[in-house]
Amino acid sequence: MSERLTKSAARNIFYGGTIFFLVVFLGLTLHSHIYIKTVSTDESKLSPSVVAGKHIWERHSCINCHTLLGEGAYYAPELGNVWVRYGGEDDPEGARDTLKAWMAVQPTGIEGRRQMPQFNLTDPELDQLIDFLEWTSKIDTQNWPPNEAG
Amino acid sequence: MKYQSQKVALYYMYGALTLFAAQVLFGVLAGTVYVFPNLLSEILPFNIIRMIHTNALIVWLLMGYFGAAYYLLPEECETEIYSPKLAIIQFWLFMVAAGAAVVGYLFGIHEGREFLEQPLIIKVGIVIVALMFLFNATMTLLKGRKTAISNVLMVALWLVALLFLFAFYNPSNLALDKMYWWYVVHLWVEGVWELIMASILAFLMIKMTGVDREVIEKWLYVMVSLSLFTGILGTGHHYYWIGTPGYWQWIGNVFSTLEVVPFFAMVVFCFYMVWKGGRDHPNKAALLWSLGCSVMAFFGAGVWGFMHTLSAVNYYTHGTQITAAHGHLAFYGAYVMLNLAIFTYALPYLRRREPFNQQLNMWGFWITTSAMAFMTFTLTFAGVVQTHLQRVLGMGYMEVQDQVALFYWMRLGSGVAVLIGVVLVVWSLVVIPRRVPLAGQTRVVARPAE
């Protein structure tokens, strides 16, 4: 490595540069924070039921089989757009009933098919979870996923 | 080993190897469930198996870093550890917390954000463990010689702890939740963990090649600069599709592409130092792991990361088996191999052991590493097929999974091979060989370079 770069110069570049990039990153995060709250998500619809649904989602660690907006495990379908996939935009009641019916028959026990556990959610809990998934499907994700398959 | 207090590193290295074994066992189990989906489905569902697989990995890597730090700091700072007793208490607290978390997971006691599933009390325990470590290590650093290696390592470990605090912040707004979740996940593995990696590799190069400290430490600062200058804004590649603004696509494309550079620099660094040093260090296995670490990190984190980091590509590959392929080789190459490098280097000194069963260790290296590479290939093929069928043609998720079933069989095969390799590595590190060394067999008796 060049003799002109001394160790203390390299050190100063490291600390100075890191602080610079951190400040830029924090600034952009702040802007993104505001953007999320005001543009890409609808906080007015972030009802207690949606929040409760998020906690149900977390309590049962759904993320360790499914993906949500592409993040999670890759063992079960994407659920960020499950509301859309089940036709919730055109027929909310129908989608809700189908999702509940789906959850109710798990695990299917079919040989050779991946099994989803039975979480024994009550009807209000199912509604909250579905409210959360519906809310999530309305986040502006730059048009991801590419299609309904998720 | 020059300092008595370095011995505390033994606790951490053995503890880490125990959790490593658990991680790999649960990995093989998860791979088995992929091909026999009815297996254990009611007693131990897949989400719990995976939780234990990933959590055991993260905890053993951290435990390995603590061990590495306790081994390396006395030699770097030329002084004993501030309080060896505190280090031992810290170890047991960490080990008990990790064990309690795993047992809790088996009974369905967990939180629900990926990798941060530890119940609140365990998270608090982790913070206490981190504070005990930071106090002990910082006091050691303050009373001794301050080198670039020890400074960078301590800056990194402080940042690891600070960033972990974001694990306590869980906003109700999912998009915000995800944005700050990456503060822990990305800024750890693609940020400050790279500093740990570079500083430990630098330490190993000083010890094993005998190249002048001035040269190595200058390289160290250049490598860690490259890591953070690219890695901090490289977070953008996680902010493409989660509700964050569109400009992250530009930032993510540019900076995460550049994230390959520090990994390439580490390859050049390690090979150049070994060539330049021209020293014949007796611990060939430790050298193999060190060089192997830089190479596999470059492929796993660098090349496999770049493969799907551009937003135009990631739009189709995001959250498919491509991600799984990258995740496996990146963690193995960068952080698993880093830990095994420092363990392989340090354990013979810590145990005052000669001979050290290097042949077995190197067999373990080649078997584990090739099996991990094969696993990555199978998942990559699965991911390419999945991306095309699901994301381009719009075929349903479960239908596509049936189409890639063959790759999951091959992945299970490579997983079993990994397990065999890991058994060899752990055996070579933990079990004392009974044979006396044959004439001509390498003996680890040489003094460190300084």
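See above for the structure.
Note on numbering: residues in each chain are counted from 1, in written sequence order. For this description, chains carry letters from A and ligands carry numbers from 1, given in the order in which they are written. Local features in this predicted model are restricted to residues of pLDDT 70 or higher, and side-chain atom pairs are both shown and tallied only at a pLDDT of 80 or more, whereas totals for entire chains, interfaces and linings draw on every residue. Only hydrogens and water are set aside when side-chain values are computed; all heavy atoms of the structure are taken into account.

Asker: I tried to follow the overall build of chain B on my own but got confused; where do I start?
Answerer: Counting its regular elements, chain B contains 15 helices and zero strands. For 450 residues, the compact-globule formula gives about 22 Å, and the C-alpha radius of gyration of chain B, at 21 Å, lands near that figure. A simple rule labels every residue: compare its accessible area, found with a 1.4 Å probe on the protein chains alone, to the largest value its type can have, and call it buried under 20%, exposed over 50%, or partly exposed in between. Burial statistics for chain B: of 450 residues in total, 66% are counted as buried. For chain B, long-range pairs separated by at least 24 residues make up 84% of all intrachain contacts whose partners lie at least 6 apart in sequence. Values of accessible area rely on a 1.4 Å probe in the Shrake-Rupley scheme; residue burial ignores everything except the protein chains shown. Total accessible area on chain B stands at roughly 15,500 Å², and carbon and sulfur atoms take up 73% of it. A helix here means a DSSP run of H or I that spans at least four residues, while a strand means a run of E at least two residues long, and both kinds are numbered starting from the N terminus. The reference for a compact globule is 2.2 Å times residues^0.38; the radius of gyration itself is calculated from the C-alpha atoms. Contacts are residue-level and defined by heavy atoms, with any inter-residue pair within 4.5 Å sufficient.

Asker: Looking at this model, I keep getting lost on unusual backbone geometry. Mind explaining?
Answerer: Excluding glycine, most residues fall at negative phi; most peptide bonds, likewise, are trans. Residue and element names in this part refer to chain A. Along the chain, Gln106 connects to Pro107 via a cis peptide bond; the corresponding omega equals -10°. For Pro107, the position within the fold is in the loop between α4 (92-104) and α5 (123-137). Cis geometry is adopted by the peptide bond preceding Pro145, which originates at Trp144 and carries an omega value of -5°. Here Pro145 is to be found in the segment after α5. Positioned with a positive phi, Leu69 is a non-glycine residue whose angle comes to about 55°. Notably, Gln142 is not glycine yet its phi reads approximately 55°, a positive angle. Inspection of the secondary structure assignment puts Gln142 in the segment after α5.

Asker: Help me understand the layout of surface pockets in this model?
Answerer: To find leftover empty space, a probe the size of one water molecule is rolled over the atoms. Computed from the structure, the largest pocket encloses a volume of approximately 640 Å³. Whether a set of points on the 1 Å grid over the protein atoms alone is a cavity depends on a 1.4 Å probe fitting there but being unable to get out, while an open set qualifies as a pocket with protein on both sides within 12 Å along at least five of seven lines; lining residues are those with an atom within 4 Å of a point. Lining the largest pocket are 32 residues, with His66(A), Pro77(A), Leu79(A), Trp102(A) and Met116(A) positioned closest to its centre. Where the lining of the largest pocket is concerned, the elements lending two or more residues are α3 (82-85), α4 and α5 of chain A together with α14 (397-403) of chain B. The classification used treats Ala, Val, Leu, Ile, Met, Phe, Trp, Tyr, Cys and Pro as nonpolar, Asp, Glu, Lys and Arg as charged, and all other residues, Gly among them, as polar. When its residues are assigned to classes, the lining of the largest pocket shows 21 nonpolar, eight polar and three charged. Grid points are joined across faces, edges and corners, and a volume is the space filled by probe spheres set on the points.

Asker: Sorry, what's going on with the interface of chain A and chain B here?
Answerer: How big an interface is tends to be stated in terms of accessible area lost as the parts join. Counting residues at the interface gives 73 residues for chain A, matched by 82 residues for chain B. When two components associate, each loses some accessible surface as probed by a 1.4 Å sphere; the sum of these losses over both components is called the buried area. Of the roughly 6,600 Å² buried between chain A and chain B, counting both surfaces, carbon and sulfur atoms make up 64%. The working definition used for a salt bridge is a side-chain nitrogen of Lys or Arg within 4 Å of a carboxyl oxygen of Asp or Glu. At the surface where chain A touches chain B, the tally comes to four salt bridges. For Glu71(A), the salt bridge goes to Lys178(B), with nearest N and O atoms at 2.9 Å.

Asker: For this particular structure, what's the right way to read the side chain of Gln401(B)?
Answerer: Relative to the assigned elements, Gln401(B) resides in helix α14. Among the residues examined, Gln401(B) registers a relative accessible area of 3% and is labelled buried. Contacts of Gln401(B), omitting those with residues within four sequence positions, involve Arg114(A), Tyr34(B), Gln321(B), Gln386(B) and Tyr408(B).

Asker: Can you help me understand helix α2 (residues 46-77) of chain B in this one?
Answerer: Residues and elements named next belong to chain B. Here a helix's expected span is defined as the number of its residues, less one, multiplied by 1.5 Å. Helix length check: α2, at 32 residues, gives a terminal C-alpha distance of 46 Å against a target of 46 Å (1.5 Å per residue), a fit within 8%. The term bend refers to the angle at a residue between two fitted axes, each drawn through seven residues, those ending there and those starting there. Taken as a whole, α2 carries its principal kink of about 25° at Tyr71; the proline Pro74 stands between one and four residues after it. Taken across its 32 residues, α2 has 32 buried, putting it largely inside the fold. At the exit of α2 stands Glu78, carrying a positive phi of roughly 55°.

Note that all results are geometric; they support no functional claim without further evidence.
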